[in-house]
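Single-letter residue listing:
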Amino acid sequence: MGATTIGALIGGAIDAMSGDDSAADGALYGAITANVLKIVLPVAFTYAVGWGVLKGLETLGDTISERVKA
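On a predicted model such as this, the values are computed, not experimentally measured, just so you know.

Q: Sorry, what's going on with a nonpolar patch on the surface here?
A: On the surface, a cluster of nonpolar side chains totalling about 880 Å² of accessible area is made up of Leu28, Tyr29, Ile32, Val36, Leu37, Ile39, Val40, Leu41 and Val43. Locating Val36 in the fold gives a position in helix α2 (residues 24-69). Owing to a relative accessible area of 44%, Val36 belongs among the partly exposed residues under this scheme.

Right, dumping it as structure tokens:
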């Protein structure tokens, strides 16, 4: 199953628990949320890994600079 389908099923089930109306609007919100997360999560993960690499390189550069000065 695709992420959109799973998001729609989960959103519909959560919305149906309230019992106020049909689960269709919850399914729509769930599908939209799943599609947004398919874009946002990889971008955030890539940013976090890149930031970690840059901080590691900065620390390595500082360590090398201190050893060269000493």
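Alright, that's what it looks like, and here's the rest.
Q: Honestly, α2 in this entry has me stumped. Any pointers?
A: Given 3.6 residues per turn, any residue in an α-helix points the same way as the ones three and four places further on. Relative to the 68 Å expected for 46 residues at 1.5 Å per residue, α2 spans 67 Å between its end C-alpha atoms, a close match to the ideal helical length. Maximum bend of α2: about 30°, positioned at Leu37. Of the residues making up α2, those classed as buried are Gly26, Gly30, Ala31 and Ala34. Residues of α2 that are buried make contact with α1 (3-18).

Q: Would you explain the pattern of salt bridges in this entry?
A: Close approach of charged atoms allows side chains of opposite charge to pair. Scanning the model with the defined rule gives one salt bridge in all. As a salt-bridge pair, Glu58 and Lys55 come within 3.6 Å of each other at their nearest N and O atoms. A residue pair is termed a helical-turn pair when its members lie 3 or 4 positions apart in one helix, as Glu58 and Lys55 do in helix α2 at three residues. By relative accessible area, which is 36% here, Lys55 ends up partly exposed.

Q: Just to check I follow, could you spell out α1 for this structure?
A: For α1, built from 16 residues, the straight-helix expectation of 22 Å at 1.5 Å per residue is met to within 8% by its first-to-last C-alpha distance of 23 Å. Of all the residues in α1, the buried ones are Gly7, Gly11, Gly12 and Asp15. The arc enclosing the buried residues of α1, seen along the axis, measures out at 125°, which places them on a common side. Tucked into the core, α1 has its buried residues touching α2. A positive backbone phi angle near 75° is found at Gly19, which sits one or two residues after α1.

Cut-offs used in this document
- Residues numbered from 1 in each chain as written.
- Predicted model: local features only at pLDDT ≥ 70, side-chain atom pairs only at ≥ 80, totals over all residues.
- Heavy atoms only, no water.
- Patch = residues over 30% accessible without salt bridge, like charges linked within 9 Å, V, L, I, M, F, W, Y side chains within 5 Å.
- Areas by Shrake-Rupley, 256 points an atom, 1.4 Å probe, with all protein chains shown as cover.
- Salt bridge = Lys/Arg side-chain N within 4 Å of Asp/Glu carboxyl O.
- Helix = DSSP H or I, 4+ residues; strand = E, 2+ residues; numbered from the N terminus.
- Buried < 20%, exposed > 50% of the residue type's maximum accessible area, 1.4 Å probe, protein only.
- Expected span 1.5 Å × (residues − 1).
- Bend = angle between axes of the 7 residues up to and from the residue.
- Contact = heavy atoms within 4.5 Å.
- Arc of directions from axis to C-beta.

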